[in-house]
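Close look at the chain arrangement
Here's the letter readout for the chains.
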Amino acid sequence: DEVIGSSSCTRLGRQEIDGEIIEDRADALWTRATIEAARVPAAPPLTRIVIGIDPPGSARPGADACGIIAAGIAEDGRIYVLEDGSVQGLAPQGWAMKAVALYRRLKADAVVAEVNQGGDMVRSVLAQVDPALPLRTVHATRGKWLRAEPVAMLYAQGKVRHVDPPMPALEDEMADFGLDGLSSGRSPDRLDALVWAVAALTFAARGKPRIRGL
C-alpha cells in the first residue's frame with residue numbers, strides 16, 4: 001500500500017490512478033520530466049542541512065502559505081531536497097513552531113528565512129520558539145524568476161535530487177512557474193523556500209561540514 005500511495009503522487013501515477021490531466025506549461029522554468037528525473041528513494045550521508053523559509057505576509061484566510069523546505073548537500077556537492085513542511089493559515093507563532101520542529105527533527109545546521117515582509121517579526125517569532133536557532137536572514141533584491149533560474153540550471157545539470165516520497169504541492173509550483181513569477185496565478189511560496197535553501201547550500205559560504213545519515 002505504501003508503494004502505491006507514493007507512486008500515485010508522481011505525474012504518471014496521478015494521471016493513471018487519479019485521472020488528473022497534467023500538462024507542461026510552455027514557459028515553465030522546470031519541466032515535469034526534469035522533476036521526475038530528479039527523484040531518488042533516499043539521500044546519502046549529508047554534510048549540511050538547511051531549512052528554507054518563505055514567510056507569509058498574513059495569516060488571513062486565502063493568504064499565501066509559509067514555504068518551509070528542507071534540503072541538504074552531500075560530499076560530492078549534489079543537493080537533496082528532503083521534505084516540504086509548508087503550512088498555510090497559521091499565525092507567525094504557528095509556522096515558526098513547524099519550521100523549528102523540522103529543523104530539530106532533521107538535526108539541521110541552519111535556518112534561512114526571507115525577511116522582505118516583516119523582518120523584525122520573522123527574527124522575533126523564530127527566536128521565541130528557539131532562542132539558540134542558527135538563523136540566517138536573506139533579502140529578495142531580484143525578481144522570483146531571476147532568483148530561481150540558477151537553481152533550475154542545477155536541476156538541468158542533474159545536481160539536485162528529490163527524496164521520496166514525492167512532494168506534489170512543491171513540484172506543481174515548480175512545473176507551473178513561469179516568466180510572470182507566479183505559479184497557477186499565485187505566489188510560489190514553496191518554490192521560494194526551495195530556492196533559498198538550495199542557494200544557501202551552493203551559492204553561499206558554508207560552515208565546517210559534518211557527515212550524517214538520515
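To be clear, the structure that these remarks concern was listed above.
Residues numbered from 1 in each chain as written. Predicted model: local features only at pLDDT ≥ 70, side-chain atom pairs only at ≥ 80, totals over all residues. Heavy atoms only, no water.

Focus: the overall build of the protein
Along the protein, the regular secondary structure elements total 8 helices and 7 strands. Across the 214 residues of the protein, 49% fall into the buried class. Looking at the protein alone, contacts between residues at least 24 apart form 69% of all its contacts between residues at least 6 apart. Per element, the accessible surface of the protein, about 10,200 Å² overall, is 53% carbon and sulfur. (Helix = DSSP H or I, 4+ residues; strand = E, 2+ residues; numbered from the N terminus. Buried < 20%, exposed > 50% of the residue type's maximum accessible area, 1.4 Å probe, protein only. Contact = heavy atoms within 4.5 Å. Areas by Shrake-Rupley, 256 points an atom, 1.4 Å probe, with all protein chains shown as cover.)

A look at the sheet that holds strand β3 (residues 67-74)
One open sheet accounts for 7 strands, arranged β1-β7-β4-β3-β2-β5-β6; its pairing is mixed. Unpaired on one side and paired on the other, β1 (39-40) and β6 (135-138) mark the two borders of the sheet. (Pairing = 2+ DSSP bridges.)

Some remarks on the pattern of salt bridges
Per the stated rule, a full pass over the model turns up 10 salt bridges. Salt-bridge contacts for R105 lead to E83; the nearest nitrogen and oxygen are separated by 2.6 Å. Taken as a pair, R105 in helix α4 (residues 92-105) and E83 in strand β4 (residues 79-84) lie far apart in primary sequence, 22 residues in all. When salt bridges that share partners are traced, they join E36, R39 and E171 into one network. (Salt bridge = Lys/Arg side-chain N within 4 Å of Asp/Glu carboxyl O.)

Comments concerning the packing of helix α7 (residues 168-175) against helix α8 (residues 189-202)
Contact geometry of α7 with α8 gives a least axis separation of 8 Å together with a crossing angle of 90°. Here α7 is positioned roughly perpendicular relative to α8, judged by the angle of their axes. Side by side, α7 and α8 meet where A169, L170, E173 and M174 of the first sit next to D189, R190, L191 and L194 of the second. When the residues that make up the contact of α7 with α8 are grouped by side-chain class, the tally is 5 nonpolar, no polar and 3 charged. (Axes fitted to C-alpha atoms, helices over the stretch in contact; angles between N-to-C directions. Parallel < 35°, antiparallel > 145°, perpendicular 65-115°, else oblique. Nonpolar A, V, L, I, M, F, W, Y, C, P; charged D, E, K, R; others polar.)

Describing unusual backbone geometry
Excluding glycine, a negative phi dihedral is what most residues carry, and trans is how most peptide bonds are arranged. For the peptide bond that leads from D164 to P165, omega is 5°, which places it in the cis range. Within the fold, P165 resides in the loop between β7 (160-163) and α7. Phi is positive for K107, which is not a glycine, with a value near 55°. Tracing the backbone through its elements, the reader meets K107 in the loop between α4 and β5 (110-114). We classify K107 as exposed; its relative accessible area is 59%.

Topic: the nonpolar core
Core analysis: the largest hydrophobic core is formed by 30 residues, its most contacted members being W30, V81, Y155, M174 and L194. Only β3, β4, α6 (144-156), α7 and α8 provide two or more residues apiece to this core. In terms of residues, this core owes the most to one element, α8, which gives 7 residues. Among residues more than four places away in sequence, those in contact with V81 are I69, A70, A71, Y155, V160, R161, H162, V163, M167, L170 and L194. Core analysis: the next-biggest nonpolar cluster, separate from the first, contains 29 residues, I68, W95, A99 and V115 among them. (Core = buried A, V, L, I, M, F, W, Y, C linked by side-chain atoms within 4.5 Å.)

A short note on the packing of aromatic side chains
This model, assessed by the stated rule, comprises 2 aromatic pairs. Taking 5.6 Å as the distance between ring centres and 90° as the angle between the ring planes, the aromatic pair formed by W30 and Y155 counts as edge-to-face. Taken together, the residues W30 in the loop between α2 (11-16) and α3 (32-37) and Y155 in helix α6 connect sequence positions 125 residues apart. In this structure W30 comes out as buried when scored by relative accessible area, which is 1%. Judged by centre distance (6.1 Å) and plane angle (20°), the rings of W145 and F177 are stacked. Of this pair, W145 sits in helix α6 while F177 sits in the loop between α7 and α8, and the two are 32 residues apart along the sequence. A single burial state applies to W145 and to F177, both of which are buried. (Phe/Tyr/Trp six-rings, centres within 6.5 Å; stacked < 30°, edge-to-face > 60°.)

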